[in-house]
Amino acid sequence: MEIPIARPFIGEEEKRAVLKVLESGRLFQGKVVKEFEEAFARFCKVQHAILVSSGTSALIAALYACGLKEGDEVITTPFTFIATANAIMYFKAKPVFVDIGEDFNIDPSKIEEKITKRTRAILPVDLYGLQYDYDAIKRIADKHKLFLIEDACQAVGAEYQGRKAGTLGDLAAFSLQESKNIMSGEGGIITTNNPEYAGKIRDFINIGQRTKYDYVGYGLNFRITEMQAAIALEQLKRIEVLTKKRIENAHYFLKELAGLPNVILPSEKGTKHVFHQFTLRITNGKRDLILQKLGEKGIAARVYYPQPLHLTTLYKGYSAEGSLPVAEQLAKEVISIPVHPQLTREEREYIVKSLRELLA
Ligand SMILES: *Cc1c(COP(=O)(O)O)cnc(C)c1O
C-alpha cells in the first residue's frame, strides 16, 4: 500500500470547467475570478474576497493593506510554514516570534511581553486547521491598537464560535496550493470586511493600476488565471463534502488511537477543526523512528514542522535557541498522518493497525 499525505481531488467538473475557460479564449482575469470571489465571500460571510496567485502573495497583500513599513514588528508564531514570516520580511519588517501552546497555535498569554513601540500587527496562524484563540488575542490587539491578520491558509471552512476562518481579524489569507483543503494547483485568497483595505489590495495586486494605465500606487502582479479560478470554484462547491470526510477520518483516528501509550492526540477545543493535518505527538523520543517505519509500510507520514522558524538558518538570531521551549519541544514530537478526504476505509484501518503495532 502507498498512502500519500495529500491527494488533491480532481473531478470531472474541474476538468470541464478548465476546458470551458480554454474554449472561451479568455484566460486572463475576468468573469470566473469574480464569480469565485463572490461565492467565497458568501461562504465565509465576509464582505470582500480577493483571489490572488498564492497564499504567500495573499499574506503580502494583507500586510500591504496595513501599511507595514521597514522596521515595523509583527508578532507571529515560530511553528508555521516559513511563508508566514517571509511575508513580513518582504516589507523589511521584523517577525517577532512568540511561543505556542499545547494546541500548536500562538500562546496569547505570551504575546504582551513581546509588544514594543514598533509592533504594528499580530499574525496568528490557524495551524493544521484549528483556529487561533481569537477572543484572547483580539483583546490584546484592541488594547494596543494593532492590526490582526489571520493566516488561515490551512483552515478554510473552520469555525470558531460559529465564525468562519477568514473573519477573525482585520484581514485573512488563504492558500489554494495543491495540498490544501480546497485547491487550484496554486492560488490564494484575501478576505476582509473593510472596503478601504479591499480597495488598496485590488490596486496592489494589479501592479498598482486601478483602471488601465492609471497607476494609483505601488503594486505587483499577484493575479491568477481564469483556469485556476475555475478549478477553485468547483472545489468550493465540494467543500462541505471534502471537509466532512476529513473530519470523519480524524474522528476515526481519535477513537481508534485513544489510549495508546506515549501518544498525545490533537484536540478540537470545542471548535470546528477542519484537519488540514491530523497531527499527533509521540512523547517517548521515538518520533523519527516511527516516521521511518511508517514510510517503510508505505504510509507517507510527515513532520510539520521539523524546525521552529527561529532555529532555521534564515531566522537564526530572531529568537535564541531555548527561548521558545514549547515550539522547540513539539517540533521533536509531532507527526502528521494522512487524513485527506480520499483516504479509503482500508487505508484508514491500515494506518491505525500500523501505528498500534509501532507504538505498542
Ligand atoms: C500553505 C501555507 C502558506 C503559503 O501558501 P502558498 O500558497 O504555498 O504560498 C502560508 N502559511 C501557511 C500556514 C500555509 O500552510
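Preceding block: the structure.
Right, let's walk through the structure included here. (Residues numbered from 1 in each chain as written. Predicted model: local features only at pLDDT ≥ 70, side-chain atom pairs only at ≥ 80, totals over all residues. Heavy atoms only, no water.)

**So, the pattern of salt bridges**
Working step 1: Summed over the entire model, instances satisfying the criterion amount to 23 salt bridges.
Working step 2: Residue Glu 12 is joined to Lys 15 by a salt bridge in which the shortest nitrogen-to-oxygen separation is 3.5 Å. With a gap of three residues between them, Glu 12 and Lys 15 both fall in helix α1 (residues 12-24), about one helical turn apart.
Working step 3: Judged by its relative accessible area of 47%, Lys 15 falls in the partly exposed class.
Working step 4: With its nearest N and O atoms 3.0 Å apart, the salt bridge here joins Arg 202 to Glu 37. Remark: Glu 37 occurs in helix α2 (residues 31-44) and Arg 202 occurs in helix α6 (residues 195-204); sequence separation between them is 165 residues. (Salt bridge = Lys/Arg side-chain N within 4 Å of Asp/Glu carboxyl O. Helix = DSSP H or I, 4+ residues; strand = E, 2+ residues; numbered from the N terminus. Buried < 20%, exposed > 50% of the residue type's maximum accessible area, 1.4 Å probe, protein only.)

**Side note on the site of the ligand**
Working step 1: What surrounds the ligand is a group of 16 residues, the closest being Gly 55, Thr 56, Gln 154, Ser 175 and Lys 180.
Working step 2: Measuring from a nitrogen atom of the ligand, one finds a side-chain N or O atom of Asp 151 at 2.9 Å.
Working step 3: Starting from 380 Å² of accessible surface for the ligand in isolation, the protein chains cover 93%.
Working step 4: Assessed atom by atom at 2 Å from the grid points, the ligand resides in the largest pocket.
Working step 5: Broken down by secondary-structure element, the contributors of at least two residues to the shell around the ligand are α3 (55-65) and α4 (83-89). (Near = heavy atom within 4 Å. Polar contact = N/O pair within 3.5 Å; in protein donor to acceptor, adjacent residues only side chain to side chain. Areas by Shrake-Rupley, 256 points an atom, 1.4 Å probe, with all protein chains shown as cover. 1 Å grid on protein atoms, 1.4 Å probe; cavity = no way out; pocket = protein on both sides within 12 Å on 5 of 7 lines; lining within 4 Å. Sits in = over half its atoms within 2 Å of the grid points.)

**Comments concerning the nonpolar core**
Working step 1: Within the largest apolar cluster, 31 residues are counted, with the highest numbers of intra-cluster contacts made by Phe 36, Phe 40, Leu 51, Phe 174, Ile 189 and Leu 236.
Working step 2: For this core, the secondary-structure elements that each account for two or more residues are α1, α2, β1 (48-52), α7 (226-237) and α8 (239-256).
Working step 3: Ranked by residue count, the leading element in this core is α2, at eight residues.
Working step 4: Those residues in contact with Leu 236, other than ones at most four positions away along the chain, are Phe 36, Ala 39, Phe 40, Phe 43 and Ile 182. (Core = buried A, V, L, I, M, F, W, Y, C linked by side-chain atoms within 4.5 Å. Contact = heavy atoms within 4.5 Å.)

**Things to note about the layout of surface pockets**
Working step 1: Here the largest pocket is characterised by a volume of approximately 420 Å³.
Working step 2: Lining of the largest pocket is provided by 26 residues; of these, Phe 81, Gln 154, Gln 177, Ser 179 and Lys 180 occupy positions nearest its centre.
Working step 3: Mapped by element, the contributors of at least two residues to the lining of the largest pocket are α3 and α4.
Working step 4: Estimates place the volume of the second largest pocket at around 270 Å³. (Points joined across faces, edges and corners; volume = space filled by probe spheres on them.)

**Observations concerning a nonpolar patch on the surface**
Working step 1: Side chains of Leu 19, Leu 22 and Leu 27 sit close together on the surface and give an oily, nonpolar patch of about 260 Å² of accessible area.
Working step 2: Note that Leu 22 resides in helix α1. (Patch = residues over 30% accessible without salt bridge, like charges linked within 9 Å, V, L, I, M, F, W, Y side chains within 5 Å.)

**Looking at the sheet that holds strand β10 (residues 263-264)**
Working step 1: A sheet is described by the order of its strands in space; here three strands give the open sequence β10-β11-β12, paired in antiparallel fashion. Looking at which strands have only one partner, the edges of the open sheet turn out to be β10 and β12 (334-337).
Working step 2: Here strand β11 (residues 278-282) pairs with β12 via four bridges, running antiparallel. Looking at the pairing, Thr 279 lines up with Ser 336 of β12. (Pairing = 2+ DSSP bridges.)

In short, shape yes, function no, at least from these values alone.
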